[in-house]
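Each chain, letter by letter, is given below.
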Amino acid sequence: MSVNRCLYLFSRLQRGVNTRATRITAGSLHVSPGSSSLHGRHQAGSVVCSRSVSSNSSSQKPPDTSLFVPVSLKTDSSADEGVGAELTQPLDKNELLKVLNRFYKRKEMQKLAADHGLDARLFHQAFISFRKYILEMTSLSADLHIILNDVCWGAGHVDDIYPYFMRHAKQIFPMLDCMDDLRKISDLRVPASWYPEARAIQRKVIFHAGPTNSGKTYHAIQRYLAAKSGVYCGPLKLLAHEIFEKSNAAGVPCDLVTGEERTFVDLEGRAADHVACTIEMCNVTTPYEVAVIDEIQMIRDPSRGWAWTRALLGLCAEEIHVCGESAAIDFIRELMYTTGEEVEVHTYQRLTPFSISENAVDSLDNLKPGDCIVCFSKNDIYSISRQIEVRGQECAVIYGSLPPGTKLSQAKKFNDPDDHCKILVATDAIGMGLNLSIKRIIFNSLVKPNVNEKGEKQMETISTSQALQISGRAGRFSSKFKEGEVTTMHRDDLPVLKEILSHAIDPIETAGLHPTAEQIEMFAYHLPDATLSNLVDIFVSLSQVDGMYFVCNIDDFKFLADMIQHIPLNLRSRYVFCTAPINRKQPFVCTSFLKFSRQFSRDEPLTFEWVCRHVSWPMAPPKNIKDLVHLEAVHDVLDLYLWLSYRFMDMFPDTASIRQIQQELDNIIQQGVRNITRLIRATDPTITDPLRTQSNRHGQTGGNSATASSHLLTSGRNQTGQRGSGEMMDRSLASRLVRDGLLTPDLLQQLQREWSKDQKWDITNQSALDTGHSKGKGKKKK
């Protein structure tokens, strides 16, 4: 009976409580079309899907209530303050506490609250807040005061408190009142409907499928150049720049658009009919005759996959030419069924063969001209390039954090037949974007540091797709080597590599999506007190996707959002700042990002002079590896400035000057990379010069020192695993390698066992030598 009465009271109270929710719903329907075209398009798509959601609530994904942060209530002195006490009597706090605790323990109340969106976690938090509110407020509203007085004196039931408890819960958890609206906004199940311009035309989709060096992209680009208008979308600035140069060299005027650069061939700044861009920058509302989407297999990339999904579904072009691995064909066909577009497939075979060697390289003494050693860490690059230089050979160095100009400079040096540099040491950054004349790919390791779905660093064996992408750089059609070769540095890795390359590439099964600025703005309208990071978390928690899609990783976005949460920015500006492509592992870049946003919030333009003071320009050439790493970070900071300048032109006004000093900085970095072995020696001579270390540790001289040093340089996997170097690698280095994910605990234990054996061997032999030496001295004395 009391529960029925409670429901009756709650229904009466809800009419007043829901007035705000009704206004919000009406407001959101009014705001949606006007905020932006994409905003309106998404909302239209969401409404179509929301019918099935509302009609079948059991299929809805329950929200992650751990993300719901209670809002602090402001004390509101109402007009009926003190009226309740005048009509009844003051409340006894001790009796109130007993009543409230009885209410909390009522299973019926917990179940009723769960039906209204309060799970056990939220129910507990709401009750703690409600109890604190009642016990600490000097005066309650008249209706609540009267109900509590009746319950305390036995004239009412404890369940009568429920409507007021729910009113309080919805005040501290405002998302409870608009959950249906939030679900509609975060409904991502029909992304094809977000792009009405593309759906208004019948597009022809051509898939150019094949391995690396098969000519698939070449054929797509030929159609692009022959069209009246076209757009090329690539994963890297280097690739976009290459198409930009090729197009203009072929007499087809073409603009370049990347996150940090806009280059117009027309001197007056008029847009050309052709444009080469990074895929995130493609315009999905401009009509084209031909669009080329390169490396389509990246549609499943955990962080950037959304950009390929957006381009494929949204580009407004008569012909969409898609280039990538054959493993993506079935999925792209299935994806295009949702838009009613058929896929025409053109398959290509590799133009030049490559084979797997029967033998590993084993030693750096066995390197040949045209070799490329692939490492998965910069530390390995530093170590190997140093050891190559010890042997009197020059090598070029390429890794991901180098500026594009430096990468091209090193690639040119390696490709130049007249240059003495015949060896390349690189990370997997060579897998895309660079034309290299490589005869043989040598994997220094098959294990790569990776970040899992939980954001944890772990070591993983490279996939078949990654191995083929890198191996395919050997013996390219345009190079002087017409046949490629692939092997490993260490013999134990060779059968593993053969096993990896024998497998078929895993088929692509999902495409990435991510929340747009418009969707987050709509969330913020409903939840004005939530932080940007919290808004995104709640969005992902409530988002609904079908089996063909997934929501991309937003950890970098949240990291930046948390970093600048205390800085007063409007939501749109805050969102744009948090989408900036920065390397959060670089402390100087993160510090600069923070300073940029703080200066922006003060409405003070970031001038050229301000930036120069911040980065301490002009910069001196690097004296060691630490200096080189800092210069790379400064280059990233200038990239960040340029990226922001195209989004906030009035606040980042000195684009031309910044670009000029960035070019000068690129030249300084190139100079440092050319002298990288000297920088390595200057950084840590004890590690990079094993000759001296071994001699000092064991007190060896003459021939013994040379023998030990030669053994160190020619054996093992790398310096952390070389025989006889157990003393050289102290515990701090070992722990640092494990912490950074460059060495697993199991491998460390195995290395320690090997070092222990070697050490015993050294001690035994040294003892024998000392014994023989002392005997010789004794004989002399006699």
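In this text, all values refer to a predicted model and were calculated from it rather than measured experimentally.

Participant: How would you sum up the nonpolar core? Please name residues and give values.
Facilitator: Core analysis: the largest hydrophobic core is formed by 167 residues, its most contacted members being F165, F596 and F652. No other element matches helix 26 (residues 625–645), which puts twelve residues into this core. In this structure, F652 is in contact with F577, F596, F600, L606, Y641, L644 and S645, ignoring residues within four places of it in sequence. Listed in part, the 26 residues of the second largest apolar core include V374, L424, A467 and L497.

Participant: Residues and numbers for the pairing of strand 1 (residues 204–209), please.
Facilitator: In terms of burial, strand 1 is a largely internal element, five of the six residues being buried. Bridge analysis of strand 1 against strand 7 (residues 317–324) gives six bridges, and the strand direction is parallel. If you follow K204 over to strand 7, its bridge partner there is E319. Where strand 1 and strand 8 (residues 343–347) come together, five bridges link them in parallel fashion. Across the sheet, A209 pairs through a bridge with T347, a residue of strand 8.

Participant: Which residues make up unusual backbone geometry, and what are the values?
Facilitator: Along the chain, W617 connects to P618 via a cis peptide bond; the corresponding omega equals 5°. Summarising the element assignment, P618 is placed in the loop between helix 25 (608–615) and helix 26. In this model, N213 sits at a positive phi of 60°, which is unusual for a non-glycine residue. Within the secondary structure, N213 sits in the loop between strand 1 and helix 12 (216–226). Phi angles above zero are rare outside glycine, and E295 is one such case at about 55°. Here E295 shows up in the loop between strand 6 (288–293) and helix 14 (305–314).

Participant: Please set out helix 6 (residues 107–115) residue by residue, giving values where relevant.
Facilitator: Three or more residues of helix 6 are buried, namely M109, L112 and A113. Down the axis of helix 6, the buried side of the element spans an arc of 100°, and every buried residue falls inside it. Within helix 6, the exposed residues directed more than 90 degrees away from the buried face are K107, K111 and D115. Of the residues trailing helix 6, G117 is marked for its positive phi of about 100°.

Participant: Give a description of the packing of helix 25 against helix 26 that names residues and reports values.
Facilitator: Relative to each other, helix 25 and helix 26 sit at 155°, their axes nearing to 11 Å. As summarised for this structure, helix 25 and helix 26 are arranged roughly antiparallel, according to the angle between their axes. Crossing handedness for the pair helix 25 and helix 26: right-handed. Two secondary-structure elements touch here, helix 25 through V611, H614 and V615 and helix 26 through V634, V637, L638 and Y641. Partitioned by chemical class, the residues of the contact of helix 25 with helix 26 number six nonpolar, one polar and no charged.

Participant: Can you explain the sheet that holds strand 13 (residues 440–443)? Please cite residues and give values.
Facilitator: With parallel pairing, the six strands of this open sheet are ordered in space as 9-16-13-10-12-11. Each edge of the sheet is formed by a strand with only one pairing partner; in this case those strands are strand 9 (354–356) and strand 11 (395–398). Along the sheet, successive strands turn relative to each other by an average axial angle of 20°, direction set aside. Direction of pairing for strand 10 (residues 371–374) relative to strand 13: parallel, over a ladder of four bridges.

Participant: Account for the pattern of salt bridges, with residues named and values stated.
Facilitator: This structure, assessed with the given rule, holds 29 salt bridges. E341 is paired through a salt bridge with R203; the nearest N and O atoms lie 2.9 Å apart. Placement of the pair is E341 in the loop between helix 15 (329–337) and strand 8 and R203 in the loop between helix 11 (196–199) and strand 1, with a sequence separation of 138 residues. Take R203: its relative accessible area is 2%, and that puts it in the buried class.

Participant: A description of the sheet that holds strand 8 should follow, citing residues and the corresponding values.
Facilitator: Taken in spatial order, the eight strands make up an open sheet running 4-3-5-2-6-7-1-8, and their pairing is mixed. Either end of the sheet is taken by a strand with one partner, and the two such strands are strand 4 (262–263) and strand 8. Lying on the sheet, helix 13 (residues 237–249) is in contact with strand 2 (230–234), strand 3 (254–257), strand 4 and strand 5 (274–278); it crosses strand 3 at an angle near 165°.

Cut-offs used in this document
Residues numbered from 1 in each chain as written. Predicted model: local features only at pLDDT ≥ 70, side-chain atom pairs only at ≥ 80, totals over all residues. Heavy atoms only, no water. Core = buried A, V, L, I, M, F, W, Y, C linked by side-chain atoms within 4.5 Å. Buried < 20%, exposed > 50% of the residue type's maximum accessible area, 1.4 Å probe, protein only. Helix = DSSP H or I, 4+ residues; strand = E, 2+ residues; numbered from the N terminus. Contact = heavy atoms within 4.5 Å. Pairing = 2+ DSSP bridges. Arc of directions from axis to C-beta. Axes fitted to C-alpha atoms, helices over the stretch in contact; angles between N-to-C directions. Parallel < 35°, antiparallel > 145°, perpendicular 65-115°, else oblique. Left-handed = near helix turned anticlockwise from the far one by under 90°. Nonpolar A, V, L, I, M, F, W, Y, C, P; charged D, E, K, R; others polar. Salt bridge = Lys/Arg side-chain N within 4 Å of Asp/Glu carboxyl O.

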